[in-house]
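Structural overview for review
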Amino acid sequence: MLRRLLPIVCAGFVLSAHALELGDYLPEGVPYDPAVPVPASVLGDEVGTWHVRHDQLVRYMEVLAEASPRVVLQETGRTHEGRRLLLMAVSSPENIRNLDRLRQVHLEEGRSGRVDPEAPLVVWQGHSVHGNEPSGANMSLLLAYHLAAGGGEVEALLEDTIVLIDPALNPDGVARFAQWANSHKSKNLVGDPQSREHQEVWPNGRTNHYWFDLNRDWLLLTHPESRARVREYHRWRPHVLTDFHEMGGNATYFFQPGVPERRHPMTPEGNHLLTAKIAEFHARSLDRRGRRYYAEETFDDFYYGKGSTYPDVQGTIGILFEQASSRGHLMQTDHGLLTFPTTIDNQFRTALSTLEAADALRGELKAWQAGFDGEARKLAARDTDRAYVFGDGGDPARARELIEILTRHRIEVRGLTRDIELEGRAFVAGQAWVVPLDQPQYRLAKAVFERRTDFVDETFYDVSSFNLALSFNLPFAAMGKSFNDALLGEAPATYDETRGRVRFPVAAQAAPLAADAVGWAFEWSGTFAPRALQRLHAEGIPAYVATEPLDVLTSDGRRRLGRGTILVSANLGRSGTRPGEVSPSAPERPQLSAALAILERIRRSDHVEVHALKSGATPTGVDLGSPSLRKLEPVRPLLVVGRGVRGYEAGELWHLLDTRVDLPLSMVEAPRIASLDLSDYTHLILVGGRYGSFRKAWEDKLRDWIQDGGVLVASQSGADWVTSVGLHAVSRSGSEESGSGEEREGSRPAGPPGRKIEPASDAEPEPEDASPYRPYAARRGDRAIHVIGGAIFQVELDTTHPLAFGYTEPLLPVHRNRSNTLKPSNNPYETVARYTDSPLISGYASQKRQTEIAGSAAVLVSRVGRGTVVRLTDNPAFRGVWYGTQKLFLNALFFGDVIDRTSASRAVDDHTGADHVH
């Protein structure tokens, strides 16, 4: 205990165990204007005494903007929790008065390809995209004060430099973590890593409100924080952008460049060289402070969804900093005691060395960016691909979402002017779009549409493919020499920079739905059809699903509607009335007016075409009173969360249901399941996680609930656990459920019913080379070679199955970042999706993993008692951008209880009593 109270010696620089004075942080020899408020005047303490709350951070930036003519503060947006997103511009008072004009002069350099002596250097400094990596946000207080109040060299720098400060990239996470760290701070600081201060409860402060990692969202733009940030990035297009992070407490300090071989091929070599030149300034700065550091190891620069990588493909030098974390206020590490002020100080040193480097290299940086777009067009001219064409796949709403993302990234998208055929696919004018590669955003456009399976370095701890067309499951193809400008029509959308919105043409107002119809119907293929159904459920409007295709007569003529079509009967006042059954003397029903109002809203807001049905009789096939139309019940799902559950996956499903389906989701900590009344819920959801420690009573309770009609939906390692304990196949009494004849997964024997059998781990795969001798230096590469960091595979769907309703094509791209597999069921009707024989379509996976995955199950469904168990091998809502697979999960929710029991023998249908063969 005595050691914790002594001064801390860190490589020759002595720090107190408590907070530093302001002067200890600031560089020597710089005079400061006493009229500019210091951070302590707002915080009440010196920087590093406590973790700054986001509201304090905002207030100090406001105070600086009020006090200093060098500072202007802009609110760029709001987080999910309503916290303000800020961007501070700091420059000379003269530049601040002419800020927008100078921004335009700077942007013109890139457009014209010519360096303008009047154009300023622009440096963006971003902090704490991970909320529990707090040294960045706390350091931003020092950086803002230094630039707002500093004289001498600071004034000289600001004469022709504009510094942009984003003090907190993730305000919700910063606020969550500051509350935790401050709530557990002792007067006598405790450095024990096991102490509660250093052990956050689930889901911790790293993520945003919906538990997403915002440092993976620069490209995907799922969240308001990212959309606001990328808008401002393109408004400014800085020459240098910094991204301040933290890593494990036993590390030292990292700055880029990272591993040279692990850059994306679209990132030019010149970017790496300039990054290396800037790194020399960081090294000198940290050397003066006596700090340890490293570069060109550990961290890659491949995925363009990260804050330090996204800029690299657009003419900016993006730089990642990683500081060993004290997590709380003091941490015992392998190198000694690490204080929170030390972490802040290190980040401040490299923030200043970035400015020093940018000033010294301003000529090179300005020339690099001025020539970047021209070089991109030269690359495009040499590319055998001239454009990418993509269609709507029968779902205009899904295509619209992709177009919005591309437009926000300033990637040019144009309408297709005439019908064409590419790679055996038909692309129809009005339903397809063109991304020409001869454009300034050539590199980024190429990266988000290419299919790449060959790599210089095969180590990936994040995604190795981020093809957006595949994630949206939209048809697309590259176009070569046959491309010409005559194919380019009008842009489908425009970007409103002022409001940060993508604007689409307003659709013509459709005629009101016919009120005298026998019913109304909409197909399930639309992205927002699940939200439309949920609207009906929320208002108590009875809805049916067609389990067979329908050939119907509508007010617009005869239409063919696919499986999964949702129908609403006009006879809402008659309990149990199907859409085609007409009441001979139907009374006036207020619910009918409400249903029509909801259906009109569905047409307008959910981009779903609603058909008015003229008759319950159909020209061919089943009629609208057929038993194949199944009544749908409202969904009351429960998501298991808490310690041991993967927060990203849980958050992705929460976000999907809350923001895209408007479906209330109950979230319950795993240990409470044993004491919960599960009859209040129709569905229970298990995402990836560690469930092996759950008590036998937990399993038995789930078995009973499933037997009584509950629907269990499990994904990734949640599905592995369900398989290992036999919830998909074995009743509580131990008898095998009919129609669920599947071998247990893994090489170990299944064991008796109810016994836990842990699935094999994804980690530490064996090397390809079975030789007993391997060089010690190869150990890390051998482990990494079989890791699937994130690649795109292909599965084949049974589109007749309720879990595949809404899919019109049997082949579906899926995202996969794990090596575990599930075996297809012995029951031929239970394997809804299986991996194809050559499953990898983009990204990296070793040949060994490809062979193991080929032919394995992707989606399995089993009827157990009156309930259903659905297992999904992969994450259907990965990072909020996999629109193509999210419907698999939504189908399990909305249609999970209309799946018939199946077997190879004759069975009695539960719903109709009809004796037939499945």
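Going by the structure above, here's the rest.
What counts and how
- Residues numbered from 1 in each chain as written.
- Predicted model: local features only at pLDDT ≥ 70, side-chain atom pairs only at ≥ 80, totals over all residues.
- Heavy atoms only, no water.
- Helix = DSSP H or I, 4+ residues; strand = E, 2+ residues; numbered from the N terminus.
- Buried < 20%, exposed > 50% of the residue type's maximum accessible area, 1.4 Å probe, protein only.
- Contact = heavy atoms within 4.5 Å.
- Areas by Shrake-Rupley, 256 points an atom, 1.4 Å probe, with all protein chains shown as cover.
- Pairing = 2+ DSSP bridges.
- Axes fitted to C-alpha atoms, helices over the stretch in contact; angles between N-to-C directions.
- Parallel < 35°, antiparallel > 145°, perpendicular 65-115°, else oblique.
- Left-handed = near helix turned anticlockwise from the far one by under 90°.
- Nonpolar A, V, L, I, M, F, W, Y, C, P; charged D, E, K, R; others polar.
- Expected span 1.5 Å × (residues − 1).
- Salt bridge = Lys/Arg side-chain N within 4 Å of Asp/Glu carboxyl O.
- Polar contact = N/O pair within 3.5 Å; in protein donor to acceptor, adjacent residues only side chain to side chain.
- Phe/Tyr/Trp six-rings, centres within 6.5 Å; stacked < 30°, edge-to-face > 60°.
- Lys NZ or Arg CZ within 6 Å of the ring centre and 35° of its normal.

1. Remarks on the overall build of the protein
Helix and strand content of the protein: 24 helices and 37 strands. Here the protein, with 918 residues, has 60% of them falling under the buried criterion. Counting only contacts in the protein whose residues sit at least 6 apart along the sequence, the fraction spanning at least 24 positions is 77%. Accessible surface, the protein: about 35200 Å² in total, of which carbon and sulfur atoms supply 49%.

2. Description of the environment of Gly 489
Summarising the element assignment, Gly 489 is placed in the loop between β17 (476–479) and β18 (494–496). The spacing of Gly 489 and Val 434 is 55 residues in sequence and 8.6 Å in space, taken between C-alpha atoms. In contact with Gly 489, other than residues within four places in its own chain, are Arg 414, Gly 415 and Thr 417.

3. Details of the pairing of strand β25 (residues 610–613)
Where burial is concerned, the two faces of β25 agree: the one with Val 610 and Ala 612 and the one with His 611 and Leu 613 are both buried. Alignment of strand β20 (residues 519–522) against β25, held across 4 bridges, turns out to be antiparallel. Residue pairing for β25: Trp 520 is matched across the bridge by Ala 612.

4. Describing the sheet that holds strand β7 (residues 240–247)
Pairing in this open sheet of 7 strands is mixed, and the strands run β3-β4-β6-β5-β7-β9-β8 from one edge to the other. The two strands at the open ends of the sheet, each matched to only one other strand, are β3 (71–78) and β8 (253–255). On average, each strand axis in the sheet is inclined to that of its neighbour by 15 degrees, with strand direction left out of account. Sheet analysis places strand β5 (residues 121–127) next to β7, joined by 5 bridges and oriented parallel. Its bridge partner lying in β7, Val 123 is registered against Val 240. Its contacts with the sheet place helix α12 (residues 362–370) against β5, β6 (161–166), β7 and β9 (317–324), and it is angled at close to 90 degrees to β5.

5. A look at the packing of helix α10 (residues 269–289) against α12
The interhelical angle for the contact between α10 and α12, taken along N-to-C directions, is 160 degrees, at an axis separation of 12 Å. The orientation of α10 with respect to α12, classified from their angle, is roughly antiparallel. Once α10 is placed against α12, the crossing between them reads as left-handed. The residues of α12 that touch α10, namely those facing Gly 270, Asn 271, Leu 274 and Lys 277, are Glu 364, Leu 365 and Trp 368. Each residue belonging to the contact of α10 with α12 can be placed in one class, and the counts come to 3 nonpolar, 2 polar and 2 charged.

6. Focus: helix α20 (residues 696–707)
Helix length check: α20, at 12 residues, gives a terminal C-alpha distance of 17 Å against a target of 16 Å (1.5 Å per residue), a fit within 8%. Those residues of α20 that sit buried are Trp 698, Glu 699, Asp 700, Leu 702, Arg 703, Trp 705 and Ile 706. Contact partners of the buried residues in α20: β29 (683–686), β30 (711–715), α21 (717–725), β34 (857–864) and β35 (867–872). The positive-phi residue at the C-terminal boundary of α20 is Gly 709, with phi of around 120 degrees.

7. Description of helix α6 (residues 135–149)
The end-to-end C-alpha separation of α6 is 21 Å, in line with the 21 Å expected for 15 residues at 1.5 Å each. In terms of burial, α6 is a largely internal element, 15 of the 15 residues being buried.

8. Looking at the pattern of salt bridges
Here the structure, examined in full by the defined rule, presents 63 salt bridges. Taking the shortest distance from any N to any O, the salt bridge between Arg 206 and Asp 213 comes out at 3.1 Å. Arg 206 gets classed as partly exposed once you look at its relative accessible area, which sits at 22%. Asp 551 is paired through a salt bridge with Arg 558; the nearest N and O atoms lie 2.6 Å apart. For Asp 551, a relative accessible area of 5% puts it in the buried group. Among the residues examined, Arg 558 registers a relative accessible area of 52% and is labelled exposed. One connected set of salt bridges, linked through shared partners, spans Asp 100, Arg 103, Arg 231, Glu 232, Arg 235, Arg 410 and Glu 497.

9. Here we look at unusual backbone geometry
Residue Pro 203 follows Trp 202 across a cis peptide bond; omega there is 5 degrees. Along the chain, the position of Pro 203 falls in the loop between α8 (171–183) and α9 (224–236). Cis geometry marks the peptide bond from Gln 256 to Pro 257, where omega comes out at 20 degrees. Of note, Pro 257 is situated in the loop between β8 and α10. A positive phi angle, close to 45 degrees, is found at Arg 237, a residue other than glycine. In this fold, Arg 237 is placed in the loop between α9 and β7. Of note in the backbone geometry, Thr 298 takes a positive phi value of approximately 70 degrees without being a glycine. Summarising the element assignment, Thr 298 is placed in the loop between α10 and β9. Judged by its relative accessible area of 47%, Thr 298 is partly exposed.

10. Examining the packing of helix α5 (residues 99–112) against α9
Closest axis-to-axis distance for the α5/α9 pair is 8 Å, and the angle between their directions is 75 degrees. With respect to each other, α5 and α9 are oriented roughly perpendicular. Taken together, the residues of α9 that come into contact with α5 (itself represented by Leu 99, Asp 100, Arg 103, His 106 and Leu 107) are His 234, Arg 235 and Trp 236. For the contact of α5 with α9, the residue count by class is 3 nonpolar, 2 polar and 3 charged.

11. Some words on the side chain of Thr 252
Note that Thr 252 resides in the loop between β7 and β8. Take Thr 252: its relative accessible area is 16%, and that puts it in the buried class. Beyond its immediate sequence surroundings of up to four residues, Thr 252 is in contact with Met 247, Arg 292, Tyr 293, Tyr 294, Glu 322, Gln 323, Ala 324 and His 335.

12. Section: the side chain of Asn 215
Looking at the secondary structure, you find Asn 215 in the loop between α8 and α9. In this structure the side chain of Asn 215 is engaged in a polar contact, spanning 2.9 Å, whose partner is the backbone nitrogen of Gly 307. Once residues lying within four places of it in the same chain are set aside, the contact partners of Asn 215 are Val 129, His 130, Asp 243, His 245, Gly 305, Lys 306 and Gly 307.

13. Some words on the packing of aromatic side chains
Inspection of every chain in the model, using the stated rule, returns 30 aromatic pairs. When the ring of Trp 698 is compared with that of Trp 721, the centres are 5.5 Å apart and the planes differ by 70 degrees; the resulting orientation is edge-to-face. With a gap of 23 residues between them, Trp 698 in helix α20 and Trp 721 in helix α21 connect regions that are remote in the sequence. Residue Trp 698 shares its accessibility class with Trp 721, and that shared class is buried. Pairwise contacts between aromatic rings join Phe 302, Tyr 303, Tyr 304, Phe 455, Phe 460, Phe 466 and Tyr 844 into one cluster. For Arg 229, the ring lying beneath its charged end belongs to Trp 218, and the centroid distance is 4.9 Å.

14. Some details on the pairing of β35
Burial runs high along β35: 6 of the 6 residues are buried. Residues Gly 867, Val 869 and Arg 871 line one face of β35 and the alternating positions Thr 868, Val 870 and Leu 872 line the opposite face, and both faces are buried. Judged from the 5 bridges that link them, β30 and β35 form a sheet pairing that is parallel. The residue of β35 that forms the bridge with Leu 712 is Val 869.

These figures come from the coordinates and say nothing about function on their own.
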